[in-house]
Amino acid sequence: MTLSSQRLLQLKEFEDKIGYIFNDKKLIDVAFTHSSYTNEVKNEVMSNERLEFLGDSVLDMVVSEILFKNYHKKPEGWLTKTRSRLVCTDSFAKASEKYDLTSYLNFGHGEKKQGGEFKKHVKADTFEAVCAAIYLDAGYEFLFDFITNNYREDALKIIENDAIFNDYKTRLQEYYNAHDKKILKYTLVDQTGPEHDKVFTMSVKVGNKTLATGTGKNKKKAEQDAAKNAYERLKND
């Protein structure tokens, strides 16, 4: 599908923001196409879900390399915990806001009316998709430099402050490690909604006792929400 002149102008505005011109304009257009849009248009249009999948993995690698190279004396456990606080919905949503990424998204009318561009998970998913597009079009080194140059200060704040973007699964497990050494188990309780917009409900258990449940757009996010609810309940008891 040929991109309209208006769409090309939108994409150029984004390119000017980040200082990179895409060789494949359709690639960055797909990164800025929400699944709700593809479900409404008649012709075959790809959503950014596949790019989101790739972006999640590539960003995991980028952040891992940055931590490995810059924190020589830190043990594996610290590196893993810190990475989980950087590679998460909250962190990616904040990163998306820096360039107002969701303002470039093609939305379906329903999602647009529901304020899709302001939803945290949409912001985070868009950031992952855009980073995947940069990776495919410009290469790993360019993406690595882009992340380092643009998000170094934000990352340092998260690293230095344990209260920012907590990994609640880790915190909850550490609590039980210190008390009775029991391993927590996360179980799928329910999944609702259409295939392109599912909501998952997960429970967290210790033994046969359910501590809390949580919801999210995927199982990993629902597990974090369940852990957060359980951890906050422990603090209030």
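None of these values were measured; they are calculated from a predicted model. Position labels on residues start from 1 in each chain and follow its written sequence. Local features in this predicted model are restricted to residues of pLDDT 70 or higher, and side-chain atom pairs are both shown and tallied only at a pLDDT of 80 or more, whereas totals for entire chains, interfaces and linings draw on every residue. Hydrogens and water are ignored here; the side-chain numbers use all heavy atoms of the structure.

Description of the sheet that holds strand S2 (residues 199-206)
Right, so step 1: Only strands joined by at least two bridges in the DSSP assignment are considered to pair. Strands are runs of DSSP state E lasting at least two residues, helices are runs of H or I lasting at least four, and both sets are numbered from the N terminus onward. The strand order across the open sheet built from 3 strands is S1-S2-S3, with neighbouring strands paired in antiparallel fashion. Two strands close off the open sheet at either side, each with one partner strand: strand S1 (184-192) and strand S3 (209-216). If you compare each strand with its neighbour and ignore which way they point, the axes differ by 25° on average.
Right, so step 2: Where S1 and S2 come together, 8 bridges link them in antiparallel fashion. Directly across from Leu 184, in S2, lies its bridge partner Val 206.
Right, so step 3: We call two residues in contact whenever any of their non-hydrogen atoms come within 4.5 Å of each other. Axes here mean lines fitted to C-alpha atoms, for a helix over just the part in contact, with angles spanning 0 to 180 degrees between N-to-C directions. Relative to the sheet, helix H11 (residues 219-236) contacts S1, S2 and S3, its axis offset from that of S3 by approximately 130°.

Examining the UniProt feature "domain: DRBM" (unreviewed entry) in the protein chain
Right, so step 1: The residues that UniProt annotates with the feature "domain: DRBM" (unreviewed entry) are residues 167-236.
Right, so step 2: Summarising residues 167-236: 43% helix, 36% strand, and an end-to-end C-alpha distance of 19 Å. UniProt positions are given in the numbering used here, feature names are shortened, and annotations may be inferred rather than shown by experiment.

Observations regarding the nonpolar core
Right, so step 1: Counting 44 residues, the largest nonpolar core has Phe 14, Ile 28, Phe 32, Phe 127 and Ile 147 as the members making the most contacts within it.
Right, so step 2: Those elements that place two or more of their residues in this core are helix H1 (5-18), helix H2 (25-31), helix H4 (49-70), helix H5 (76-86), helix H6 (89-98), helix H8 (120-138) and helix H9 (140-160).
Right, so step 3: In this structure Phe 32 touches Arg 7, Leu 11, Phe 14, Leu 101, Tyr 104, Leu 105, Asn 106, Thr 126 and Val 130, once residues within four positions along its chain are discounted.
Right, so step 4: Nonpolar cores were defined as sets of buried Ala, Val, Leu, Ile, Met, Phe, Trp, Tyr and Cys residues, with membership established by side-chain atoms within 4.5 Å. For every residue, the accessible area (1.4 Å probe, protein chains only) is compared with the maximum for its type, and the residue is labelled buried under 20%, exposed over 50%, or partly exposed between those bounds. Counting 16 residues, the second largest nonpolar core, distinct from the first, contains Leu 172, Tyr 186, Val 206 and Ala 227.

What about the domain arrangement of the protein chain?
Right, so step 1: Here the domain parsing of the protein chain yields domain 1 (5-164) and domain 2 (168-236).
Right, so step 2: Listed as interface residues are 8 residues of domain 1 and, on the opposing side, 6 residues of domain 2.
Right, so step 3: The term buried area means the drop in 1.4 Å probe accessible area that two parts suffer when joined, counted for both and summed. Taking both sides of the interface into account, the surface hidden between domain 1 and domain 2 amounts to around 650 Å²; carbon and sulfur atoms contribute 41%.
Right, so step 4: Here, a salt bridge means any Lys or Arg side-chain nitrogen found within 4 Å of an Asp or Glu carboxyl oxygen. For the pair domain 1 and domain 2, the number of links is 2 salt bridges.
Right, so step 5: The partner of Lys 221 in a salt bridge is Asp 125, with the nearest N and O atoms 3.3 Å apart.
Right, so step 6: Whenever two N or O atoms come within 3.5 Å, that pair is a polar contact, provided that in protein one can donate a hydrogen and the other can accept it, and provided that, for residues adjacent in sequence, both atoms are side-chain atoms. Run the count over domain 1 and domain 2 and you get 2 residue pairs in polar contact (both at pLDDT 80 or more).
Right, so step 7: Counting only elements with at least two residues in the side of domain 1 that touches domain 2, the list comes to H4 and H8.
Right, so step 8: Amino acids outside the nonpolar list (Ala, Val, Leu, Ile, Met, Phe, Trp, Tyr, Cys, Pro) and the charged list (Asp, Glu, Lys, Arg) are all regarded as polar, and Gly is one of them. Counted by class, the side of domain 1 that touches domain 2 contains no nonpolar, 4 polar and 4 charged residues. Either an automatic procedure or a domain database provided the assignment from which the domain bounds are taken.

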